[in-house]
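Geometric and topological summary
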Amino acid sequence: MLLIENPRLEISGNFAFMDGKLVKDIRNYSVGEVWGRHIKDAIGIKKQAYSVTTISYNSRNFNIFIIPYMEIGDYYTKIIPHRANYTEYYQVLWGNPFFEAWKEESDGAFTVRKGPKRPMSTIAIHNDERIGIFNHYPERAIVLSYTSGNLEDSEAKEPIMLGPNVMDIDASILVKRQEELKSENISLVPLLEKACRNLLKK
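Chains are numbered independently. Their residues run from 1 in the order of the written sequence. It should be noted that, the model being predicted, local features are given only for residues of pLDDT at least 70 and side-chain atom pairs only at 80 or more, the latter also being counted only at that level, while totals for whole chains, interfaces and linings use all residues. Only hydrogens and water are removed before side-chain values are computed, so all heavy atoms of the structure are retained for them.

1. Focus: the confidence of the model for the protein
pLDDT is defined as a per-residue confidence score from the predictor, taking values between 0 and 100. Of all residues in the protein, 69% attain a pLDDT of 70 or more, and the chain-wide mean is 75. Secondary structure counts use DSSP, requiring at least four H or I residues in a row for a helix and at least two E residues in a row for a strand, with both numbered from the N terminus. Averaged pLDDT values over the elements of the protein bottom out at 43 in strand β18 (residues 160-161) and peak at 93 in strand β11 (residues 88-94). Note on contacts: a residue pair is in contact if any heavy atoms of the two residues lie within 4.5 Å. Counting interchain partners and residues more than four positions distant, the pLDDT-below-50 stretch residues 31-38 has 32 contacts. Low pLDDT (under 50) marks residues 151-169, which in the prediction has 68 contacts with non-local residues, meaning those over four places away or in another chain.

2. Some remarks on the pattern of salt bridges
By definition, a salt bridge exists where a carboxyl oxygen of Asp or Glu is found within 4 Å of a side-chain nitrogen of Lys or Arg. Within this structure, the stated rule accounts for 2 salt bridges. Arg-8 serves as the salt-bridge partner of Glu-10, at 3.4 Å between the closest nitrogen and oxygen. You can call Glu-10 partly exposed: its relative accessible area is 25%. A relative accessible area of 38% means that Arg-8 is categorised as partly exposed. Arg-113 serves as the salt-bridge partner of Glu-129, at 2.8 Å between the closest nitrogen and oxygen. Taken together, the residues span a long stretch of sequence, with Glu-129 in the loop between β14 (122-125) and β15 (130-134) and Arg-113 in strand β13 (residues 110-116) at a distance of 16 residues. Think of it in three bands: residues with accessible area under 20% of the maximum for their type are buried, residues over 50% are exposed, and the middle band is partly exposed, with areas taken using a 1.4 Å probe on protein chains only.

3. Some words on unusual backbone geometry
Put simply, Asn-6 and Pro-7 share a cis peptide bond, and its omega is -5 degrees. For Met-120, which is not a glycine, the phi torsion comes out positive at approximately 75 degrees. Position of Met-120 among the secondary structure elements: in the loop between β13 and β14. Its relative accessible area of 47% is what places Met-120 among the partly exposed residues.

4. Digging into the packing of aromatic side chains
Put simply, two rings from Phe, Tyr or Trp (the six-membered ring, in Trp's case) pair if the centres are within 6.5 Å, and we call them stacked under 30 degrees between planes, edge-to-face over 60, tilted for the rest. Summed over all chains, the structure comprises 3 aromatic pairs. Ring geometry for Phe-65 and Tyr-90: centres 6.4 Å apart, planes at 35 degrees, overall tilted. Taken together, the residues span a long stretch of sequence, with Phe-65 in strand β7 (residues 60-67) and Tyr-90 in strand β11 at a distance of 25 residues. Residue classification places Tyr-90 among the buried positions, given a relative accessible area of 0%. Ring geometry for Tyr-90 and Phe-99: centres 6.2 Å apart, planes at 70 degrees, overall edge-to-face. Each of the two residues, Tyr-90 as well as Phe-99, counts as buried.

5. Things to note about the pairing of β14
Taking every second residue as pointing to the same face, both faces of β14 are buried, with Thr-122 and Ala-124 on one and Ile-123 and Ile-125 on the other. One ladder, built from 4 bridges, connects β11 with β14; its direction is antiparallel. Across the sheet, the residue bridging to Glu-88 is Ile-125, located in β14. Think of it this way: DSSP has to see at least two bridges between two strands before they count as a pair.

6. Regarding the side chain of Ser-121
If you trace the backbone, Ser-121 turns up in the loop between β13 and β14. For Ser-121, a relative accessible area of 15% corresponds to the buried category. Counting of polar contacts relies on pairs of N or O atoms within 3.5 Å, with two restrictions inside protein: one atom must be capable of donating a hydrogen and the other of accepting it, and residues adjacent in sequence are counted only when both atoms are side-chain atoms. Among the polar contacts made by the side chain of Ser-121, one reaches the main-chain carbonyl oxygen of Arg-118 at a distance of 2.7 Å. Each residue touching Ser-121, except ones within four places of it in the same chain, is listed here: Tyr-90, Gln-91, Val-92 and Ser-183.

7. Overview of the nonpolar core
Among the buried residues, those of types Ala, Val, Leu, Ile, Met, Phe, Trp, Tyr and Cys that are joined through side-chain atoms within 4.5 Å form a nonpolar core. Of all hydrophobic cores here, the largest spans 19 residues; its most connected members are Leu-9 and Leu-192. Of all the secondary structure elements, the ones that give two or more residues to this core are β1 (2-4), β2 (9-12), β3 (15-18), β7, β16 (141-147) and α2 (189-201). Ranked by residues supplied to this core, first place goes to α2 with 4 residues. With sequence-adjacent residues up to four places away left out, Leu-192 is seen in contact with Ile-4, Leu-9, Ile-55, Phe-62 and Leu-144.

8. Here's the deal with the environment of His-126
Locating His-126 in the fold gives a position in the loop between β14 and β15. If we ignore the near neighbours within four places in the chain, the residues touching His-126 are Ala-84, Tyr-86 and Arg-113.

Here is the structure:
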């Protein structure tokens, strides 16, 4: 799939190519790794859940998430949640994934922002928030992210799990406030194009 034209950045299978040159192997995560700690129906399942290509330039990381549609028991595939150490921006290039961002407050309650995002809309995930992205739409989702730091994988305690009824809230966890995600007025594609052009000059 063609992501940007100048330079030409394509995703093909488990690899990304820039002007025909391999960028980097994609890191693969299995469904068992994604869901096995939480959902008993997923334990032992070893199908690919999603993949990531990382393009790094000038201390900036661009991550391209490809999340195929897949139902696992009563749940959908998602990326492994992680905590944002820096402000992270996420732009949907394809599909209609569902985002959950949450932060644990000092009193143990959670503040949650959630909602679907359609192609070309961008959201910001703030410092100390945790982010999970689900694909509940029957086509693959492609999401571009941009951050000034490295991602930190985390065994994040999740206040909300996405199920077939769109939202299943764990009653044992107090949700302090829920808000809809709002779009940011920023496009990540020109930043990615610039990074790729500079990488080709090396």
